[in-house]
Amino acid sequence: MSRHHASMDRVLHPVSKALAAAGDPSQLLPAREQMAFTLGFHIILVPFGVALTALMLIAHYRGLRHDDSDALRLARRWSKVAAVLVAVGAITGTVLSFELGILWPGLMGDYGAAFGMPFAVEGLFFFLEAIFVSIYLYGWNRLPPWAHFWTGVPVVLASLGGAAAVIAANSWMNQPGGITLRDGHVTAVRPLRVFFNGAFWYETVHMLLAAYIVAGFTVAGVYAAGMLKGRRDRHHRLGFLIGFLVAAAAIPVQIFVGDTVAREVFKEEPAKFAAIELLPATGDHVPENLGGFLVDGKVRYGLPVPDMASILAGFTPSTEIRGLEAIPPEVRPTDRSVTIVHLAFDVMVGTTFLMLGLVLWFAWLWWRGRTMPTNRWFLRGAALSGLVAVVCLESGWVVTEVGRQPWTVVGLLLTRQAVTTQGNLWPLFGATVVLYAAVGTGAVLVLRAMARRWRTAGDETVYVPYGPEQPYATSGTAGEER
Amino acid sequence: MNLSDVVALVMFVGVVAYALFGGADFGAGFWDLTAGGAERGKNARHLVDLSIGPVWEANHTWLIYCLVMLWSGFPAAFVAITTTLYLPLMFAALGIVLRGAGFAFRKVSVRTPQQRLNGTLFAASSVLTPYCFGSIAGGIASGRVPSGGNGDAVTSWLNPTSVLGGILAVVSCAYLAAFYLATAAHRLHDADLERYFRGRALLAGAVAGVVSIAGIFVLRTDAPRLFHQLSHRGLPLMVLATLCGIVGMAGAHLGRRTGRREIAALAIAAVVVGWGVAQYPFLLGTHLRIHEAAAPDTTLAVLLGVACVAALIILPSLILLFRLSGQGRLRAHI
């Protein structure tokens, strides 16, 4: 129990308590919406940088090892898709780094010395990723085959390291530590404690698995949709299987990890756990509420499963779980944000079990038919699995981000203290939505056009350059002409 | 020199690298914008595609490097800059989004109208972004960013020094890119295109010269301390920049190829380093010293460690990328 109290003490930090009494500034809502929107957009691209590149290397390895031209073609096409998505991810990531300063000067000014550090490490990984993505992408048919394959390996490793570094910063906001404060200023930093904070490992493993699930199911979904349209060749089957099997392998592990994460949150982030469980008052024999929301501090609707929350948290029905009441009123999350966290958690868990169901269905069909299932209903489900995985990923981030409110850095910095004092942010938000909608639409359109081109003309389409006719031969670069 | 100075230096190396590598990519966008209609400009645009395709993302990363160094190493300065210069920062971010998306999408689109739209976005934002960064540099250098932040949102970047900085940035990028593209055209044995970009190098050099001379008067009235420092401590660098500019233009005129890119890059690097030297030991104008804005020493040590690892891992990787790209070992189109 002492660990619970330690985390609760952070919530009762006296400096913040005094400031908490002040009201929300008007720019808080648009700033949060802006951040949620841009982060929510960026997070969809992350799995493609982190895991699509790994799928691409799996196909590439198979292609080279077994002289499999179908696998090589898949690797090549996925590399082109990854190139577009990594480019969009790079720019939306850059926007986020601007926003951290523009929207949240309180966070960056007061805690930049600690919070910023993991990003410096991330920058390193990102640099490596950007360099080798280019070499790999442009190296097709130019570099010796295995050397070319190996240039893809740093891409996968750097993307794992980069993701872990960003999550180090994020998890530090959930369980801050490793700093010495004097008059609200960071006067000393213990870097290892900042990086490897209490929430680091579980958040990182949870997110990396999520990335593999999203990328795997999205890839599988594309080929499942193709198979539904009658394209059942080996290319489609192989594309489906590589994506699906990676995601299928990750799903059971993710369920186990997710369960561990929930128990860690129960121990270390009691306020978030109370919101997840929609629990107004401390108690034991806590039921697991499916659905439902909080109105005036009371649970409405929802389907309670008796004792379940207590059992999941501590393996016995008598496990005591702290409720929202235990949080001082001035820093207690609002009913609305508690409801959002709770429902997002339900969606995350629900979609995960949907995906598990799909995997089991696959296993059953495979066992019965001893081959790749072509059951139309299964393929329909598989075609949608990518979207389901994205919904799951987004709701997971809603749980961790909204679940931290009203804190930006738990116990140290309230979101309203972190936000900028600059005027009206709604127009900025509106403009961002329009801009990102355009970029998102553009990305979907070019990817669809690429897919169409591959279907009609195969992979070796001649490059059609800018303008009506091409000035150089397709392969015309300096090297060949020397 | 204490730890914070070393970290500031390491960060500034990133600023110079971004100015040179990112700058050349921005400049390529400038020439893409001004290349004329789809038919007339196709050769120039194709060359831009070939030469920046494999490298732009790595070159863009220098910006991330500078940002993370600034916000972790000097959080107070980062916040002062972002809360004051948020408008040009937002425009720069807009430019970065449109530019990256435009370029990536143009590369994979095959229909002329789509290419034209994406190409225009890429090219126009290649001018917008360096202008914004130049004006931000002008705002910082002329002391318009107060230490506590929240400076004037308008005059901090709409002022003579900022406008000068913005224009100078755009012109410098164009100047650099013209030399790079002339060399790339030479590699492709395209004499017409090489001549085309040599001419543009001369033009950009001439404009840069005029802007710089005008700049002397602007700085003297608008940012006297910066002017004083540039004309004293920074004088050797300004002289070096001028000499390189003259030599580079003479070379372009005579059609010399050896070292022309390097001389152009040296001219730009001298200007940027001159700014750094003139501003030292201040991070913002003449009021926030480097050590005053610095994070605790452990953070600075971590950043220094990151920079050392970067030197060990990133530099060789970058050299590999540029060598492969220069040797034509990377496929032109994907």
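Quick caveat, the model's predicted, so the values are computed rather than measured.

## Digging into the packing of aromatic side chains
Phase 1: Counted by the stated rule, this structure contains 42 aromatic pairs over all chains.
Phase 2: Where Phe127(A) meets Trp62(B), the ring centres are 4.9 Å apart and the plane angle is 80°; that geometry is what we call edge-to-face. With Phe127(A) in helix α6 (residues 117-138) and Trp62(B) in helix α3 (residues 56-73), this residue pair bridges two chains. For the pair shown, Phe127(A) and Trp62(B) are each scored as buried.
Phase 3: For the pair Phe196(A) and Trp201(A), a centre-to-centre distance of 5.9 Å together with 15° between the ring planes defines the contact as stacked.

## Here we look at the interface of chain B and chain A
Phase 1: Taken together, the contact between chain B and chain A spans 81 residues of the former and 75 residues of the latter.
Phase 2: Interface of chain B and chain A: buried area, both sides summed, is about 7,200 Å²; carbon and sulfur atoms make up 73% of it.
Phase 3: The interface formed by chain B and chain A holds zero salt bridges in total.
Phase 4: Where chain B packs against chain A, one counts 12 residue pairs in polar contact (both at pLDDT 80 or more).
Phase 5: Going through the elements one at a time, α2 (42-52), α3, α4 (75-84), α5 (86-108), α6 (112-141) and α13 (297-326) of chain B are the ones with two or more residues in the side of chain B that touches chain A.
Phase 6: Top contributing element to the side of chain B that touches chain A by residue count: α5(B), with 16 residues.

## Some words on the side chain of Ser79(A)
All names here are of chain A.
Phase 1: In this fold, Ser79 is placed in helix α4 (residues 69-103).
Phase 2: For Ser79, a relative accessible area of 2% gives the class buried.
Phase 3: Dropping the residues within four chain positions of it, Ser79 is found in contact with Met56, Tyr136, Leu137 and Trp140.

## Structural notes on helix α7 (residues 160-187) of chain B
Residues and elements named next belong to chain B.
Phase 1: Over its 28 residues, α7 extends 41 Å from the first C-alpha to the last, a length consistent with the 40 Å expected when each residue adds 1.5 Å.
Phase 2: Of all 28 residues making up α7, 21 are buried, and the element is well covered by its neighbours.
Phase 3: Regarding α7, its N-cap is Asn159, as a side-chain oxygen of that residue lies 3.1 Å from the backbone nitrogen of Thr161 further along.

## Digging into the UniProt feature "transmembrane region" (unreviewed entry) in chain B
Residues and elements named next belong to chain B.
Phase 1: Mapped onto this structure's residue numbering, the UniProt feature "transmembrane region" (unreviewed entry) falls at residues 6-31, 87-105, 117-141, 161-181, 201-219, 234-251, 263-282 and 302-322.
Phase 2: Helix makes up 100% of residues 201-219 and strand 0%, whereas the separation of the span's terminal C-alpha atoms amounts to 26 Å.
Phase 3: As annotated, residues 263-282 comprises 85% helix and 5% strand, and the C-alpha atoms at either end are separated by 29 Å.

## A short note on the confidence of the model for chain B
Phase 1: The share of residues in chain B with pLDDT of 70 or more is 99%, and the mean pLDDT across the chain is 90.
Phase 2: Ranking the elements of chain B by mean pLDDT puts α2(B) last, at 88, and helix α1 (residues 3-33) of chain B first, at 94.

## With respect to unusual backbone geometry
Phase 1: With an omega of 10°, the peptide bond between Gln405(A) and Pro406(A) qualifies as cis.
Phase 2: Backbone torsion omega between Tyr280(B) and Pro281(B) reads 5°, so that peptide bond is classified as cis.
Phase 3: Along the polypeptide, Pro281(B) turns up in the loop between α11 (260-279) and β1 (282-284).
Phase 4: Of note in this structure, Asp307(A) is not a glycine but carries a positive phi near 65°.
Phase 5: Following the sequence through the fold, Asp307(A) ends up in the loop between β6 (303-305) and α12 (308-314).

What counts, and where the lines are drawn
Every chain begins its residue count from 1, and numbering advances along the sequence as written. Starting at A for chains and at 1 for ligands, labels are handed out in the order in which the entities are written. For a predicted model such as this one, the threshold for reporting local features is a pLDDT of at least 70, and the threshold for listing and counting side-chain atom pairs is 80 or more; totals across whole chains, interfaces and linings nevertheless cover every residue. As a rule here, side-chain values cover all heavy atoms of the structure and leave hydrogens and water aside. Any two rings among Phe, Tyr and Trp, with Trp reduced to its six-membered ring, count as a pair given centres within 6.5 Å; such a pair is stacked if its planes are under 30 degrees apart, edge-to-face if over 60, and tilted if neither. Secondary structure elements follow DSSP: runs of H or I of four or more residues count as helices, runs of E of two or more count as strands, with numbering from the N terminus. The classification of residues rests on relative accessible area computed with a 1.4 Å probe and restricted to protein chains. Under 20% of the type maximum is buried, over 50% is exposed, and intermediate values are partly exposed. We call two residues contacting when some pair of their heavy atoms lies within 4.5 Å. Two parts placed together each lose some accessible area; with a 1.4 Å probe, that loss summed over both constitutes the buried area. When a carboxyl oxygen of Asp or Glu is within 4 Å of a side-chain nitrogen of Lys or Arg, the pair counts as a salt bridge. Polar contact is the term for a pair of N or O atoms within 3.5 Å; when the atoms are in protein, one must be able to donate a hydrogen and the other to accept it, and sequence-neighboring residues count only if both atoms are side-chain atoms. Expected span, for any helix, means 1.5 Å times one less than how many residues it has. UniProt positions are given in the numbering used here, feature names are shortened, and annotations may be inferred rather than shown by experiment. Confidence scores here are pLDDT values: one per residue, from the predictor, ranging 0 to 100.

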